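Here are the chains, one letter per residue:
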Amino acid sequence: DPSTRTYSEKYLFKLLLITIIPIVLSQTVYNISGLIDYKIFGSVSGNLGMDAVTIKSFIGVYSSKYRLLCSVPIAISTALASSLIPSAVEAYAREDANQWNYNISAGIKFNMIIAIPCAVAFVFLGGPIVKMLFHSSNYVLGGHMLTAGSLAIVFYALSNITGGALQSIDKMRIPVIHSAISLVIHIGIVSFFLACTNIGVYALLIGNITFPILVFILNLRAIKRYVPSYRQEVIKTFFAPLAAGFWMALAAVSVYGLVGFVIGSNLIRTMLAVCVAVVVYFTAFLLLKGLTKEELFDFPMGRRLYLLARKMHLMK
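Residues numbered from 1 in each chain as written. Predicted model: local features only at pLDDT ≥ 70, side-chain atom pairs only at ≥ 80, totals over all residues. Heavy atoms only, no water.

### Considering the confidence of the model for the chain
Then comes step 1: Confidence in the prediction for the chain averages 86 pLDDT; 98% of positions are at 70 or higher.
Then comes step 2: When pLDDT is averaged over each helix and strand of the chain, the minimum, 76, is found for helix H10 (residues 293-297) and the maximum, 93, for helix H8 (residues 235-260). (pLDDT = per-residue confidence, 0-100. Helix = DSSP H or I, 4+ residues; strand = E, 2+ residues; numbered from the N terminus.)

What follows is the structure, given as structure tokens:
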């Protein structure tokens, strides 16, 4: 900063608050939507004759199993989106469109490398994972919820990273507005499916999926409007993780099933299946040329991963 002006503490504090509040609000809406879901589900289901114990049981499974497990990869994507902002802000301030485009594209790609296999794993191993982590009679319902609603992970990752992209170009309020719009639509969707269908708690899953989809679409439209030069590589960003995730799921399900003939413990079967899934995904993704050497270096422990990939003859 070439300026020699000294700002007062009051001004700096105000500047920090103006910057922080939109970011906090855009992340808080996700939790607010959960609280609203519980209220709507309890109210509508109660009016339809469902007893209080059953309502609490469904909400407990939805909140303490489905949303809790989905929040782990979502938290990773949120951290990646936050870490992306400083470098993107720098590129935007220097009017370096190519560097900004690279930062955002790379952020989305890294998010998909994590979010897509997590979603695929929950689809095929949702039941065993819930049974392993939560020793309760409701693990079947929790597993079904993970299987049916894991797509939300991918779109929450996309909505987080596109929100970070808008914040990096000084459009701090836009992600908050988009989240608010999506929340209103989300409430309408959940209320409709609860009142007009008999799918019960799965209406909350539909709302939990459509909410980040709407946020992502609105964020992407805004990015295209304010940064017309933005382009996202598609094949390696989306299809390579999806293809690697397919082979990962095939290997994990096979291991879980085969080990079951020898060992009856769900804990051991699930742990072995998850370990095999990680190795197969890493191998398949690199064989599909999903990452370059330079991109791998940007990952945590990237150099160690690169050395491991070289030893496995997956990269040169």
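### A word on a nonpolar patch on the surface
Then comes step 1: Judged by side-chain polarity, Tyr7, Tyr11, Leu12 and Leu15 come together as a nonpolar surface patch covering roughly 350 Å² of accessible area.
Then comes step 2: Topologically, Leu15 is positioned in helix H1 (residues 9-47). (Patch = residues over 30% accessible without salt bridge, like charges linked within 9 Å, V, L, I, M, F, W, Y side chains within 5 Å. Areas by Shrake-Rupley, 256 points an atom, 1.4 Å probe, with all protein chains shown as cover. Salt bridge = Lys/Arg side-chain N within 4 Å of Asp/Glu carboxyl O.)

### Quick word on the packing of aromatic side chains
Then comes step 1: Under the definition given, this model contains 10 aromatic pairs.
Then comes step 2: Summarising the aromatic geometry, the rings of Phe155 and Phe216 are spaced 6.3 Å apart at their centres and angled 55° between planes, so their arrangement reads as tilted. In this pair, Phe155 is assigned in helix H5 (residues 151-168) and Phe216 in helix H7 (residues 202-226), connecting sequence segments 61 residues apart. With respect to class, Phe155 is no different from Phe216; both count as buried.
Then comes step 3: When the centroid spacing of 5.3 Å and the interplanar angle of 75° are considered together, the rings of Phe246 and Trp247 count as edge-to-face.
Then comes step 4: One aromatic cluster is present, built from ring pairs that chain together Tyr38, Tyr62 and Tyr66. (Phe/Tyr/Trp six-rings, centres within 6.5 Å; stacked < 30°, edge-to-face > 60°. Buried < 20%, exposed > 50% of the residue type's maximum accessible area, 1.4 Å probe, protein only.)

### Brief notes about the nonpolar core
Then comes step 1: In this structure, Tyr66, Trp100, Ile104, Met112, Met145 and Leu291 are the most contacted members of the largest nonpolar core, which totals 82 residues.
Then comes step 2: Per element, the largest residue contribution to this core is 15 residues, and it comes from helix H3 (residues 97-133).
Then comes step 3: Beyond its immediate sequence surroundings of up to four residues, Tyr66 is in contact with Val61, Met145, Leu146, Gly149, Ser150, Ala152, Leu205 and Asn208. (Core = buried A, V, L, I, M, F, W, Y, C linked by side-chain atoms within 4.5 Å. Contact = heavy atoms within 4.5 Å.)

### Remarks on the environment of Ile104
Then comes step 1: Considering the arrangement of structural elements, one finds Ile104 in helix H3.
Then comes step 2: Taking C-alpha positions, Ile104 is 38 Å from Arg269, a pair spaced 165 residues apart along the chain.
Then comes step 3: Every residue in contact with Ile104, bar those within four places of it in the chain, is listed here: Leu84, Ala88, Ala165, Ser168, Tyr230 and Gln232.

### Quick word on unusual backbone geometry
Then comes step 1: Even without being a glycine, Asp170 presents a positive backbone phi close to 70°.
Then comes step 2: Here Asp170 is to be found in the loop between H5 and helix H6 (173-196).
Then comes step 3: Here Lys289, not a glycine, exhibits a phi torsion of approximately 60°, which is positive.
Then comes step 4: Note that Lys289 resides in the loop between helix H9 (266-287) and H10.
Then comes step 5: Judged by its relative accessible area of 53%, Lys289 falls in the exposed class.

### Examining the packing of H1 against H6
Then comes step 1: In the contact formed by H1 and H6, the axes pass within 10 Å of each other and the chain directions differ by 10°. As far as their axial angle goes, H6 and H1 are roughly parallel. Here H1 and H6 pass one another in a crossing that is right-handed. Contacts between H1 and H6 involve Pro22, Leu25, Ser26, Val29, Ile32, Ser33, Ile36, Asp37, Ile40, Phe41 and Val44 on the former and, on the latter, Pro175, Val176, Ser179, Leu183, His186, Ile187, Val190, Ser191, Leu194 and Ala195. (Axes fitted to C-alpha atoms, helices over the stretch in contact; angles between N-to-C directions. Parallel < 35°, antiparallel > 145°, perpendicular 65-115°, else oblique. Left-handed = near helix turned anticlockwise from the far one by under 90°.)

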